[in-house]
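Here are the chains, one letter per residue:
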Amino acid sequence: MFKKILIANRGEIACRVIQTAKKMGILTVAVYSDADKEARHVELADEAVHIGAAPSRESYLLADRIIEACKKTGAEAVHPGYGFLSENESFAKKVEEEGIAFIGPKHYSIAAMGDKIASKKLANEAKVNTIPGWNDAIETAERAVEIAKDIGYPVMIKASAGGGGKGLRVAFNDKEAFEGFTSCRNEARNSFGDDRVFIEKFVEEPRHIEIQVLGDSHGHVIYLNERECSIQRRHQKVIEEAPSPFISDATRKAMGEQAVALAKAVNYQSAGTVEFVVGKDQSFYFLEMNTRLQVEHPVTECITGLDLVELMIRVAAGEALPLTQEQVKRDGWAIECRINAEDPFRNFLPSTGRLVKFQPPAETMFASDTEHLQGVRVDTGVYEGGEIPMYYDSMIAKLIVHGKDRNHAIARMREALNGFVIRGISSNIPFQAALLAHPKFVAGDFNTGFIAENYGKGFHAEDVPHSEPDFLVALAAYVHRRYRARASGISGQLEGHGVKVGEQFVVVELGAQGEHVHHPVTVSDFHGKTGASAVTVNGKTYKIDSSLALGAVRVQGIVNDKPFVAQVERGAGKNPLALRVSNDGRQIEAMVLSPLGARLLALMPHKAPPDLSKFLMSPMPGLLVEVAVQPGQQVQAGEKLAVIEAMKMENVLFAAQDGVVGKISAAKGESLAVDQIILEFN
C-alpha cells in the first residue's frame, strides 16, 4: 500500500479523498493555487505545495507542476478527483512514465472512451446498445422515409451543421419524416450553408441513468447498481439518487452487464461510470463513459456500504477487488443535492464572496435493520469565514441523505435543507426545496426535460409550494414573543414602564412594493412551560415548543406534535426591525407589532426605490472581460454591452432598451462587485 499520495484537485473532492486516505493511514499532499492558499483541503492535508496562479490553466491544469510536486514530496501516487486533469490521457501516461501510480484507469482506457466516435464503435463491438441511426448524408426525402422505417419511429432528423434548434425535426410517421427531411434540408442550407442531414432514433421522455463500474488489474469488473441523474438544468445535474425509481430489476441487470462488457473491452482498472439514455419503454442506449470518479458517487456508497475512493486506491496499488457481483448490496435509498453558489431568483447567476455563516446540518449516522448506516452526510471544501472564489465551479457542498425508502429519503432531505445555514452568498437551496416538493418528483414521474418544462420561465418565490404558509407567520410571532419575554426579565427597568410581554400582536408580512399583508395573531403560554406557546393565526392554532437559543439562525422544535426545522433571524433583510423566516424553501420577511403599531405602519407612505434604469450594473461579482460599446454610441434593446466571467462561465449583459451610452465607469480586466456600475446611459 502507498505511504503517501498527492491529490491533484481542490474543493470538496480533495477533502473527500484526504478523509479516506487518513482512514487508511496514508499521508496526503495537497496542491493549491493563489486563490486557495487558505482553503480547507490545504488545511486537512499533511503537506501542501503551491502550484501557481488562481486561474486553473495556470495551476490545477499544469501536469508538469503536479508531477514536480510528487517528486518534491515523495508522493507515490496521484488521485486526480474529477474535472481538471482527471480524464486527460497524456497526464495519466506521463504520471505512469515517471514511476508514479495514477489512482484511476490506465491511459489507454481514458483514450478509448474519450473519443465519442471511437467509444461508440467500441460499444457496438462489445454488444452494448447504441442509439440506432444513419450517420451518412441522405440524398432524398424518399430515402429518408426508408431509413426512418428501418430505425423505427419516432426518429430525429438533424442537420449535420445544426444548432440553436434550427435544422431539427422529430417524426412519428412516414408523412412527418418526408416533410421533416425537406424542411430540415432547407433550413440547414439557408442557416448554415450545409444541407447534409442525418437520422437517429428519438428517445421519448429520456432519462439519464448511469451505471457505476469498478475494475481491477486482475481482470475482475463488477457494477455497483445505478444512479438516476435526470434532474438537470442546462445539462448540469442538480439532484441525483440511487437506485432509480424508474427501471426494473431486469433492466438494471441488462444495463449493468452491458456496462461491465464495455469496461472489460477497454481493460478498465478503477472506478468509472457508463452513462445511458433510457426511454419511457425502458429501452436504453449508451451515451458515454466517464473514466473517473463522479461527483454523485456518495449515493452509490450509501446504498452499497462501499468506499469508492478506498477501492480506487486499493486497485491502483495492485490489489484485487474484495467482493464479487453477487456480494454487491442495494440497501435503502440515497439522494444527493448539489448546493451551489448561485441565486435561483436571479436566473441562477453565480454568487461569489465570503461565507459569513456556514452551518451545515449535523451529520447523523445510526444503525438500520441491516449492518449499513443511514443518515445525513455533508461533503464540502469550504468553511465559515472562507471565500468562494470566482475562478472555479460554483459548488459549496454536496448534501447526501440515506433513508430506508424513497419517501423517507425525500423527507430527510427536506429537513436537512431546512437546517442548512448559508449567509454572505446566495445558494440554490430554495430551488432544491421546490424540486423535492414537486408532486411529479415525489411520484418519480420525470425525465431530463423536467426543469425546462416546469421552470422554463425562471424560478420565482411563488414557485415554492408550502403545505402550511401560516406556520411561517406563527413562527415569527413565537420568536418575537420569546425576545419580548427575555427583554421583560432584564433588571433595572423603570417602574411602570417595563417591557410587557403581551398576547395580541399583528404580524406584518412585508411586500417588495409596500403591499404588506397584516395577520392578527394571539400568542399564549402552552402548558405553562418555558419555550412552549400556542399561536393562533387566521383561525388555526400552532402549538410550538422549541429550545431556541435567541440569536441562533436555526430553529428546531415540535409544532402540533410534529418535528420541524426552520431558520429565523432578525435584521437580515432590508428592514433592520424585521424577522426573516424560512422553511421548506419558502421565505417571508415580517415585522411583529402591537395592534396600534400595525395601524400606524399602515399609514406610512411607501418609499419607492430609486430609478436605476439609466445604469448598467454588474448582476454578480466577477471579472469584466469585455466592454462592447463606446461613449456616445447608440445601442438598441438586445445589443451586447459587456461580458463578465465568473465561475468558469461567461455571462453576456445585453441592453434592456434603446439608448445612448454616456460614461463608462469600469474598465476591462477589473474585478467587479455585485451592483457595481459598469456604464451609464444619457
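Residues numbered from 1 in each chain as written. Predicted model: local features only at pLDDT ≥ 70, side-chain atom pairs only at ≥ 80, totals over all residues. Heavy atoms only, no water.

## Here we look at the overall build of the protein chain
Helix and strand counts for the protein chain stand at 17 helices and 40 strands. A globule of 682 residues ought to have a C-alpha radius of gyration of about 26 Å, and the protein chain, at 29 Å, matches this closely. Across its three principal directions, the C-alpha atoms of the protein chain cover 90 × 65 × 50 Å. Counting every atom, the protein chain has about 31000 Å² of accessible surface; 50% of that belongs to carbon and sulfur. If you average the places of the 76 positive and of the 87 negative side-chain charges in the protein chain, the two averages end up 3 Å apart. (Helix = DSSP H or I, 4+ residues; strand = E, 2+ residues; numbered from the N terminus. Rg over C-alpha atoms; globule rule 2.2 N^0.38 Å. Areas by Shrake-Rupley, 256 points an atom, 1.4 Å probe, with all protein chains shown as cover. Lys, Arg positive; Asp, Glu negative; His and termini not counted. Charge placed at Lys NZ, Arg CZ, Asp CG, Glu CD.)

## Describing the packing of aromatic side chains
One pair of aromatic rings is described through two measures. These are the centre distance and the angle between the planes. Inspection of every chain in the model, using the stated rule, returns 15 aromatic pairs. Centroid distance F345 to F459: 5.2 Å. Interplanar angle 20°. Geometry classified as stacked. Here F345, found in the loop between strand 16 (342–343) and strand 17 (349–350), pairs with F459, found in the loop between helix 15 (450–454) and helix 16 (469–488); they are 114 residues apart in sequence, far enough to count as distant. Accessibility expressed as a relative area gives 38% for F345, which makes it partly exposed. Look at F459 and you get buried, because its relative accessible area is 2%. Taking 5.5 Å as the distance between ring centres and 15° as the angle between the ring planes, the aromatic pair formed by F441 and F446 counts as stacked. For the pair F441 and F446, one class covers both residues: buried. One aromatic cluster is present, built from ring pairs that chain together F345, F348, F431, Y455 and F459. We note R207 situated over the ring of F446; from NZ or CZ to the ring centre the distance is 4.6 Å. (Phe/Tyr/Trp six-rings, centres within 6.5 Å; stacked < 30°, edge-to-face > 60°. Buried < 20%, exposed > 50% of the residue type's maximum accessible area, 1.4 Å probe, protein only. Lys NZ or Arg CZ within 6 Å of the ring centre and 35° of its normal.)

## Some points on the environment of S33
Residue position: S33 is located in strand 2 (residues 27–33). Among the residues examined, S33 registers a relative accessible area of 0% and is labelled buried. Sequence spacing of S33 and V128 is 95 residues, and the spatial spacing of their C-alpha atoms is 42 Å. With sequence-adjacent residues up to four places away left out, S33 is seen in contact with H50, G52, A53, A54, S59, Y60 and Y392. (Contact = heavy atoms within 4.5 Å.)

## Structural notes on unusual backbone geometry
The step from Y153 to P154 runs through a cis peptide bond, and the omega angle for that step is -5°. By the secondary structure assignment, P154 is in the loop between helix 7 (141–151) and strand 7 (155–163). A cis amide bond links A242 to the next residue, P243, at an omega of 0°. One can find P243 in the loop between strand 12 (236–242) and helix 9 (249–265). Backbone geometry places N538, a non-glycine residue, at a positive phi of 50°. One can find N538 in the loop between strand 27 (532–537) and strand 28 (540–546). A relative accessible area of 48% places N538 in the partly exposed class. One non-glycine residue, D675, lies in the positive phi region at around 70°. Of note, D675 is situated in the loop between strand 39 (671–672) and strand 40 (677–681).

## Here we look at the nonpolar core
In terms of nonpolar packing, the biggest core is built from 40 residues, with I231, I239, I339, I396, L399, I422 and L435 touching the most fellow members. Among the elements of the structure, strand 12, strand 15 (333–340), strand 21 (373–380), strand 23 (395–403), helix 12 (406–418), helix 13 (429–437) and helix 15 are those that each provide at least two residues to this core. Discounting chain neighbours no more than four positions away, the residues touching I339 are S394, M395, I396, A397, L399, L417, F420, I422, S427, N428 and I429. Counting 32 residues, the second largest nonpolar core, distinct from the first, contains I7, I18, I103 and I313. (Core = buried A, V, L, I, M, F, W, Y, C linked by side-chain atoms within 4.5 Å.)

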